[in-house]
Amino acid sequence: MTGAVRIADLGGARAIILHRPHAVVTALTRQLQAVGLQVTTCWPELPAEALAADFVFFDADMGFDDQFPWDKGTAPMPMIALIGSEAPGRVEWALATGANAQVLKPVGDSGVYSALLIARHGFEARRTLAAEAADLRRRLGERQTVVRAVVQLMQTTGSEDAAYAALRATAMDARVGLEEAAARILSQPVRPVTKGTPR
C-alpha cells in the first residue's frame, strides 16, 4: 500500500483490552483514555461486543486461540499485541493471531498512540492487499472462462480467430462483457462441426 499515512483524531474509537487484571491494564487504559478512546477490559475471552471494537489489545504472553470469536489471523479490526516475553513461540503466536503492532510490557507513559496508528495502517494495508488478491483471482477465473469459451466455439467455427469473433459478436449482441458472454456460451451444449454435410 502506498501513499500518505492517514493520521486522524482517534477520539471516540473503541478499544478492548484482553488481559488479566494487572498494572499493565491500568497503564494502558490511562494512555488510551488520554488519546480519547473508550476502553473495555476483559479476561479470559472477548465479549460479543468485541466485534464492534475499533482496536483489540491482547496479551501475547498468556493468550490462546480460543479467546477470539474469529478464525486465526482474520480479525475484523487492528490487533495490538501486549508483549512481555520475547520467547520465539509467543512472538510467532502473536503474529499468527494477526498482530498489526505491539506494545512492550511493562507499559509506561508512552508508545500507545504510535501503536494505534501503526496497527491501523498495517490492518488497512493487509485488507487492501487481500481485496486486490481476491480481485486478481476473480479476473484470472474470468480469463479462463473466456479461453474455455473460445476453445468450445472453435468446435463450431473451425478457427481461433473465428471463435473469438463469434464471442465478441455474442457479447455485443447481448450488451454484456466478454466474460459474461463466455459464461453464457459455456452453459450451452456443444454443437460440433459436421464435415461433409451437404448444405
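Residues numbered from 1 in each chain as written. Predicted model: local features only at pLDDT ≥ 70, side-chain atom pairs only at ≥ 80, totals over all residues. Heavy atoms only, no water.

### Topic: the overall build of the protein
So the rule is basically this: Here a helix means four or more residues in a row that DSSP labels H or I, a strand means two or more in a row labelled E, and each is numbered from the N terminus. Radius of gyration here is computed from C-alpha atoms only, and the compact-globule reference equals 2.2 Å multiplied by the residue count raised to the power 0.38. Here the Shrake-Rupley method, with its probe set to 1.4 Å, supplies the accessible areas, and only the displayed protein chains count as covering residues. Only four residue types enter the charge count, namely Lys and Arg as positive and Asp and Glu as negative; His and the chain termini do not. To locate a charge, take NZ of a lysine, CZ of an arginine, CG of an aspartate or CD of a glutamate.
Within the protein one finds five helices and five strands. What you see in the protein, going N to C, is helices and strands ordered as β-α-β-β-β-α-β-α-α-α. Its C-alpha radius of gyration of 27 Å places the protein more than 25% over the 16 Å reference for a compact globule of 199 residues. In terms of principal-axis extent, the alpha carbons of the protein reach across some 90 × 35 × 30 Å. Of the roughly 11,800 Å² of accessible surface on the protein, a fraction of 55% belongs to carbon and sulfur atoms. Once the 21 positive and 21 negative side-chain charges of the protein are each reduced to a mean point, those two points are 9 Å apart.

### Brief notes about the sheet that holds strand 1 (residues 14–18)
Here is the rule: At least two DSSP bridges between two strands are needed for those strands to be called paired. Each axis is a line fitted through C-alpha atoms, and for a helix only the stretch in contact is used; angles between axes span 0 to 180 degrees, taken between their N-to-C directions. Working rule for contacts: check all heavy atoms of both residues, and any pair within 4.5 Å makes them a contact.
Ordered in space as 2-1-3-4-5, the five strands form an open sheet in which the pairing is parallel. Each having just a single partner strand, strand 2 (38–42) and strand 5 (99–104) make up the two edges of the open sheet. In this sheet, adjacent strand axes meet at a mean angle of 25° when their direction is disregarded. Bridge analysis of strand 4 (residues 79–83) against strand 5 gives five bridges, and the strand direction is parallel. By the bridge assignment, methionine 79 is partnered in strand 5 with alanine 99. Contacting strand 3 (55–59), strand 4 and strand 5, helix 2 (residues 88–97) crosses the sheet at an angle of about 160° to strand 3. This element, helix 3 (residues 112–157), spans strand 3, strand 4 and strand 5 of the sheet and lies at about 165° to strand 5.

### So, unusual backbone geometry
Omega for the bond connecting tryptophan 43 with proline 44 falls within 30 degrees of zero, at 10°, which places this linkage in the cis form. By secondary structure assignment, the location of proline 44 is in the loop between strand 2 and strand 3. For the bond running from lysine 105 to proline 106, omega is 0°, close enough to zero to count as cis. Mapping proline 106 onto the fold places it in the loop between strand 5 and helix 3. Positive phi outside glycine occurs at arginine 175, with the angle close to 55°.

### Some points on helix 4 (residues 160–174)
In plain terms, the rule: Here the expected length of a helix is defined as 1.5 Å per residue gap, with one fewer gap than residues. Exposure is judged per residue with a 1.4 Å probe applied to protein chains only, and the accessible area is read against the type maximum: over 50% gives exposed, under 20% gives buried, and values in between give partly exposed. Directions drawn from the helix axis to the C-beta atoms are what define this arc. Think of a polar contact as two N or O atoms within 3.5 Å of one another; within protein, one of them needs to be a possible hydrogen donor and the other a possible acceptor, and neighboring residues in sequence only count if both atoms come from side chains.
Compared with an ideal rise of 1.5 Å per residue, which puts 15 residues at 21 Å, helix 4 spans 21 Å between its outermost C-alpha atoms and is within 8% of the ideal. Those residues of helix 4 lying buried are Ala163, Leu167 and Ala171. Around the axis of helix 4, the buried residues are gathered within 75° of arc, so they sit on the same side. Looking at helix 4, the residues exposed on the side facing more than 90 degrees away from the buried face are Asp161, Met172 and Asp173. Tucked inside the fold, the buried residues of helix 4 contact helix 3 and helix 5 (178–186). Measuring from the side-chain oxygen of the N-cap residue of helix 4 to the backbone nitrogen of alanine 162 gives 3.1 Å; that N-cap residue is serine 159. The positive-phi residue at the C-terminal boundary of helix 4 is arginine 175, with phi of around 55°.

### A word on the packing of helix 4 against helix 5
To be explicit about the condition: Roughly parallel means an angle under 35 degrees; roughly antiparallel means over 145; roughly perpendicular covers 65 to 115; every other angle is labelled oblique. Asp, Glu, Lys and Arg are counted as charged, while Ala, Val, Leu, Ile, Met, Phe, Trp, Tyr, Cys and Pro are counted as nonpolar; the rest, among them Gly, fall into the polar class.
Two elements in contact, helix 4 and helix 5, have axes separated by 9 Å at closest approach and are oriented at 105°. As the angle between them shows, helix 4 and helix 5 are arranged roughly perpendicular. Contact residues: helix 4 offers Tyr164, Leu167, Arg168, Thr170, Ala171 and Ala174, while helix 5 offers Leu178, Ala181, Ala182, Arg184 and Ile185. Taken together, the residues that form the contact of helix 4 with helix 5 break down as eight nonpolar, one polar and two charged.

### Here's the deal with the pattern of salt bridges
In plain terms, the rule: Every case where a carboxyl oxygen of Asp or Glu lies within 4 Å of a side-chain nitrogen of Lys or Arg is listed as a salt bridge.
A complete count under the given rule lists 10 salt bridges for this structure. The salt bridge partner of aspartate 59 is lysine 105, with a shortest N-O separation of 2.8 Å. Linking aspartate 59 in strand 3 with lysine 105 in the loop between strand 5 and helix 3, this pair joins segments that are 46 residues apart in sequence. With relative accessibility at 15%, the residue lysine 105 sits in the buried group. Two residues, glutamate 142 and arginine 138, come together in a salt bridge whose shortest N-O distance is 2.8 Å. Within this pair, glutamate 142 and its partner arginine 138 are both found in helix 3, separated by four residues, close to a single helical turn. On the accessibility criterion, arginine 138 (43% relative accessible area) is partly exposed. Where salt bridges share partners, they join Arg20, Asp59, Asp61 and Lys105 into one cluster.

Nothing here speaks to function; it is all geometry.
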